[in-house]
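Residue-level listing of the chains:
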Amino acid sequence: MMRTAPSRPRLLPAAAAATTVVLWASAFVSIRSAGAAYSPGALALGRLLSGCLVLGVFMVVRREGLPPRAAWRGILISGLLWFGFYSVVLNWGEQQVDAGTAALVVNIGPILIALLGARLLGDPMPPRLLAGMAVSFAGAVTVGLSMSGGGGSSVLGVVLCLLAAVGYAGGVVAQKPALGQASALQVTTFGCVVGAVMCLPFAGQLAGEAADAPLSATLNMVYLGVFPLALAFTTWAYALARTTASRMGATTYAVPALVVLMSWLVLGEVPGPLTLAGGALCLAGVAVSRSRARARAAAQETVPEPRPERAPDSV
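Residues numbered from 1 in each chain as written. Predicted model: local features only at pLDDT ≥ 70, side-chain atom pairs only at ≥ 80, totals over all residues. Heavy atoms only, no water.

## Observations regarding helix α8 (residues 184–198)
Logical step 1: With 15 residues, α8 should reach 21 Å at 1.5 Å per residue; the first-to-last C-alpha distance of 21 Å fits that figure.
Logical step 2: Across the 15 residues of α8, twelve count as buried, placing the element largely inside the fold.
Logical step 3: Buried residues in α8 make contact with α2 (40–62), α3 (72–96), α7 (155–178) and α10 (215–240). (Helix = DSSP H or I, 4+ residues; strand = E, 2+ residues; numbered from the N terminus. Expected span 1.5 Å × (residues − 1). Buried < 20%, exposed > 50% of the residue type's maximum accessible area, 1.4 Å probe, protein only. Contact = heavy atoms within 4.5 Å.)

What follows is the structure, given as structure tokens:
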């Protein structure tokens, strides 16, 4: 008798990816408050230090040691490009351009991830993934244009957001091989440490600005370190270890749609019809890119004997 294989190993990475997307979307709302009181480098360092503290506690509780030597190359590159460079440059870019323009430019990141993943990691580029990314990018463009303020963009800001997208894509592609050698928690923790060390030159700014910043801004900075960084980067690494970089990159196209929803609920910013349409396109594209052919999925799920599965790493 044919039996259906357990779905738990597939549901956990999907839940981890969803957690990441929701928390990363919430970061845009928190950055609005923290960014008004902290400069880009200080905000990045404060966020990274908060993340290191939380991740360090989890490392002690789980008694995880140093990653294997083979994982360090990917950890160092992702820590420099994504945790460090990306954080500072994006914070700076968002001070130069409006949120819509920043979101539009940064959303070339998943496309770069797909291209780099195919070239460097041998990731497949199935038609569904390409079609989904095209639909989501169209939605991101729609959201970006609908949220952009007239005349609010600068060449410097666009270039900074473009550099942030490049750093994000490079960090993701570098992180993928490291996850084959170390746990998600190890890769995230030491990547965060590398990013924090990179941002240490901003320590003086952080100390001076923290003395004058309102409590709400500081709390938002800590929130950014604990949830969108420590928790969300770990769930991201957990999911990335179980799928391709291209597919995970496409999943982040849900972020603009969730930012629109959160801004509506938290900040009372009512989105217009064009913004809602763009958000719907983003979500539709993610659904297409994450889907698989029904026949192939059924063939994988229906097996004569259940194969032993390696227990997934805890997040």
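## Here's the deal with the environment of Ala230
Logical step 1: By the secondary structure assignment, Ala230 is in helix α10.
Logical step 2: Not counting residues within four places of it along the chain, the set of residues in contact with Ala230 comprises Gly51, Val54, Leu55, Thr188 and Gly225.

## Considering the packing of aromatic side chains
Logical step 1: Scanning the entire structure with this criterion turns up eleven aromatic pairs.
Logical step 2: Both rings, one in Phe83 and one in Phe233, keep their centres 4.7 Å apart while their planes meet at 45°; by these two values the pair is tilted. Of this pair, Phe83 sits in helix α3 while Phe233 sits in helix α10, placing them 150 residues apart in sequence.
Logical step 3: Accessibility expressed as a relative area gives 1% for Phe83, which makes it buried.
Logical step 4: Each residue in the set Trp24, Trp82, Phe83, Tyr86, Tyr168, Phe233 and Trp236 is aromatic and connected to the rest through ring pairs, giving one cluster.
Logical step 5: The ring centre of Tyr238 lies 3.9 Å from the NZ or CZ of Arg242, which sits over that ring. (Phe/Tyr/Trp six-rings, centres within 6.5 Å; stacked < 30°, edge-to-face > 60°. Lys NZ or Arg CZ within 6 Å of the ring centre and 35° of its normal.)

## What about the side chain of Gln186?
Logical step 1: Residue placement: Gln186 occurs in helix α8.
Logical step 2: By relative accessible area, which is 8% here, Gln186 ends up buried.
Logical step 3: A distance of 3.1 Å separates a polar atom in the side chain of Gln186 from the backbone oxygen of Gly65.
Logical step 4: Sequence-distant contacts of Gln186, defined by excluding residues within four places in its chain, comprise Met59, Glu64, Gly65, Leu66, Pro67, Pro68 and Ile75. (Polar contact = N/O pair within 3.5 Å; in protein donor to acceptor, adjacent residues only side chain to side chain.)

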